[in-house]
Amino acid sequence: LTTSNYTSTPLIAFLLTGVPGLEDFQIWISIPFSFMYLLAVIGNGLVMAVVAWDRSLHEPMYLFLAMLALNDVLLCTVTVPKMLLIFWQGPSPSTFPACLTQMFFVHALFLSESAVLLAMAFDRYVAICAPLRYATLFTGSLISKVALALVFRSVAVVTPGVLLILRLHFCRSNIIRHTYCENMVIAKLACNSIALNSIYGLTAALLTTGLDFVLISLSYWVILKTVFRLPSREAQTKAFGTCGAHICVILIFYTLAFFSFFTHRFGKHVPRHTLILLANLYLLVPPTMNPIVYGAKTKQIRMKLLVLCNHSK
C-alpha cells in the first residue's frame, strides 16, 4: 500500500485519545461539558426561535444575533459529541477524511464567529455614532451580503490549511492526544517539514481573527468616546446597555481564543492537559455564555422569550 518510505496519506486513520494525563477523570470532566453543551444548544436555539418567530426583531442587531446563535450551535456540535464519546468510551478512531472535515469546520466556524462579532460591532458603531445613516446603510440586502461574505472568507482562509495538510506524509504515530482534529496537532504527526503549515496558520490567524479584534476594539473605543459626550445621563445608560452585552461576549470569546492560541505555540512549559482543556473551553464557553449574556442584557430578547414560553404552554 505504499510507494515510498512514507505511508500513503489517504489510508491514514487517526486515534483520538482525549485529555492526556487525565484519562481516569474524563468521565467526571464530561459532566460539566455535557451540561454546557446542552445549555449552548437550548439557549442558542431559543434565541434563533425568538428572532425567527417575532417580526419586530427582524432588525440588523437581532439578525446578527441569530447568525451568532446558529454559528455557536454548529461550532460546539462539530466537536463536543465526539469529545464526549471519547470521555465515555475511551480512545476513538477517526478516518483521515473525517478528521480533515472536522478540522475544516472547527476553524471555518471559529473564523465566521469572529466575523459576526465584527459585524455586530460595526452595527453598534453606526447606530450610536451615525444614527441618521443607520436605516439607509443596514438594509436587508446588506445583511445578506455580510452573511455570504463571512462564509466566503472562512472557506477561503481555511481551505489552504487543509491543502497544506494533504501535502504532508505521515509515517509516525497516528495517535492524536486531543479531543478533536486540530490543524497543527495533525501536522505535528508528519515526517516532512511543517514550517509552511505553521507560518500559514499564524499569518492567517493574525490577518483574520487578530485584525477583527483590532477593528472591534477601535469601533468600541469610538463608541465609548461618543457615549461619554452624550448630554443626557439616560441616553448614556441606554447606549451602555445596548453595547454592554456585546462587550461581554467579545471579551469572553477573544480572551479564551488568544490565550489558548498563544499557549499552544509559545507555552512550552504549560502542561499538555491544560492546553487540551483550554482548546475545548474556547470553543464551548462562548456558545454557552452568549445566550445567557444576551438574555440578561437585551430586554427585547428577554421579554420575547417569556412570551414564547407562555405561548407554548
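All values derive from a computational prediction rather than experimental measurement.

A.B. asks: For the sheet that holds strand 3 (residues 175-176), give the residues involved together with the corresponding values.
C.D. replies: Picture the strands of a sheet paired through backbone hydrogen bonds; they go either parallel or antiparallel. Strand order in the open sheet made by the three strands is 2-1-3, with mixed pairing throughout. Only two strands of the sheet have a single partner each, and these edge strands are strand 2 (92-95) and strand 3. Looking at chain direction, strand 1 (residues 13-16) and strand 2 are connected through four bridges and run antiparallel. Residue pairing across strands places Phe14 opposite Ser94, the latter belonging to strand 2. The sheet contacts of helix 2 (residues 60-89) involve strand 1 and strand 2, and relative to strand 2 the element is tilted by about 145°. Sheet contacts for helix 3 (residues 96-129): strand 1, strand 2 and strand 3; angle to strand 2, the most-contacted strand, approximately 90°.

A.B. asks: Talk me through the packing of helix 2 against helix 3; I want residue IDs and the actual numbers.
C.D. replies: Two numbers describe how helix 2 lies on helix 3: the axes approach to 9 Å, and their chain directions differ by 160°. Classified by the angle their axes make, helix 2 and helix 3 are roughly antiparallel. When you trace helix 2 past helix 3, the crossing you get is left-handed. Each residue belonging to the contact of helix 2 with helix 3 can be placed in one class, and the counts come to 17 nonpolar, four polar and five charged.

A.B. asks: Kindly report on the nonpolar core, identifying the contributing residues and their values.
C.D. replies: By size, the foremost hydrophobic cluster in this structure holds 55 residues, and its most contacted members are Leu117, Met120 and Tyr282. Of all elements in the fold, only helix 1 (26-53), helix 2, helix 3, helix 5 (140-166), helix 7 (195-229), helix 8 (233-266) and helix 9 (272-297) reach the threshold of two or more residues within this core. Among all residues touching Leu117, those that are not within four sequence positions of it are Leu68, Ile216, Val249, Ile250, Phe253 and Tyr254. In this structure, Phe14, Phe96, Met103 and Val158 belong to the second largest nonpolar core, which totals 26 residues.

A.B. asks: Tell me about the pairing of strand 1, residues and numbers included.
C.D. replies: On strand 1, burial follows the alternation: Phe14 and Leu16 on one face are buried, whereas Ala13 and Leu15 on the facing-out side are not. As paired elements, strand 1 and strand 3 share two bridges and run parallel to each other. Bridge pairing in strand 3 links Leu16 to Ile176.

A.B. asks: Now, about the pattern of salt bridges: what can you tell me, with residues and values included?
C.D. replies: Summed over the entire model, instances satisfying the criterion amount to two salt bridges. In this structure, Asp123 and Arg124 form a salt bridge, with 2.8 Å as the shortest nitrogen-oxygen distance. Across the pair Asp212 and Arg153 runs a salt bridge, and its minimum N-O distance is 2.8 Å. Of the two residues, Asp212 is situated in helix 7 and Arg153 in helix 5; the sequence distance between them amounts to 59 residues.

A.B. asks: Now, about helix 7: what can you tell me, with residues and values included?
C.D. replies: With 35 residues, helix 7 should reach 51 Å at 1.5 Å per residue; the first-to-last C-alpha distance of 50 Å fits that figure. Helix geometry: helix 7 is bent most strongly at Leu206, by close to 30°.

A.B. asks: Which residues make up the UniProt feature "transmembrane region" (unreviewed entry) in the protein chain, and what values do they have?
C.D. replies: The positions that UniProt labels "transmembrane region" (unreviewed entry) are, in the present scheme, residues 25-51, 63-88, 100-122, 134-156, 199-223, 243-263 and 275-296. Secondary structure within residues 63-88 divides into 100% helix and 0% strand; the distance between the first and last C-alpha atoms comes to 37 Å. Here residues 199-223 runs as 100% helix and 0% strand, with 35 Å between its end C-alpha atoms.

A.B. asks: Pulling in residues and values, what's your account of a positive patch on the surface?
C.D. replies: A surface patch of positive charge is lined by Arg177, Lys188, Lys268 and Arg272. Relative to the elements of secondary structure, Arg272 occurs in helix 9.

A.B. asks: Which residues make up a nonpolar patch on the surface, and what are the values?
C.D. replies: Among the surface-exposed residues, Phe25, Ile27, Trp28, Ile31 and Trp88 lie close enough to one another that they form a single nonpolar patch of about 610 Å² accessible area. Take the nonpolar patch: its biggest share by element is three residues, from helix 1. Looking at where Ile31 falls in the secondary structure, it is placed in helix 1.

Calculation rules
Residues numbered from 1 in each chain as written. Predicted model: local features only at pLDDT ≥ 70, side-chain atom pairs only at ≥ 80, totals over all residues. Heavy atoms only, no water. Pairing = 2+ DSSP bridges. Helix = DSSP H or I, 4+ residues; strand = E, 2+ residues; numbered from the N terminus. Contact = heavy atoms within 4.5 Å. Axes fitted to C-alpha atoms, helices over the stretch in contact; angles between N-to-C directions. Parallel < 35°, antiparallel > 145°, perpendicular 65-115°, else oblique. Left-handed = near helix turned anticlockwise from the far one by under 90°. Nonpolar A, V, L, I, M, F, W, Y, C, P; charged D, E, K, R; others polar. Core = buried A, V, L, I, M, F, W, Y, C linked by side-chain atoms within 4.5 Å. Buried < 20%, exposed > 50% of the residue type's maximum accessible area, 1.4 Å probe, protein only. Salt bridge = Lys/Arg side-chain N within 4 Å of Asp/Glu carboxyl O. Expected span 1.5 Å × (residues − 1). Bend = angle between axes of the 7 residues up to and from the residue. UniProt positions renumbered as here; feature names shortened; annotations may be inferred. Patch = residues over 30% accessible without salt bridge, like charges linked within 9 Å, V, L, I, M, F, W, Y side chains within 5 Å. Areas by Shrake-Rupley, 256 points an atom, 1.4 Å probe, with all protein chains shown as cover. Lys, Arg positive; Asp, Glu negative; His and termini not counted. Charge placed at Lys NZ, Arg CZ, Asp CG, Glu CD.

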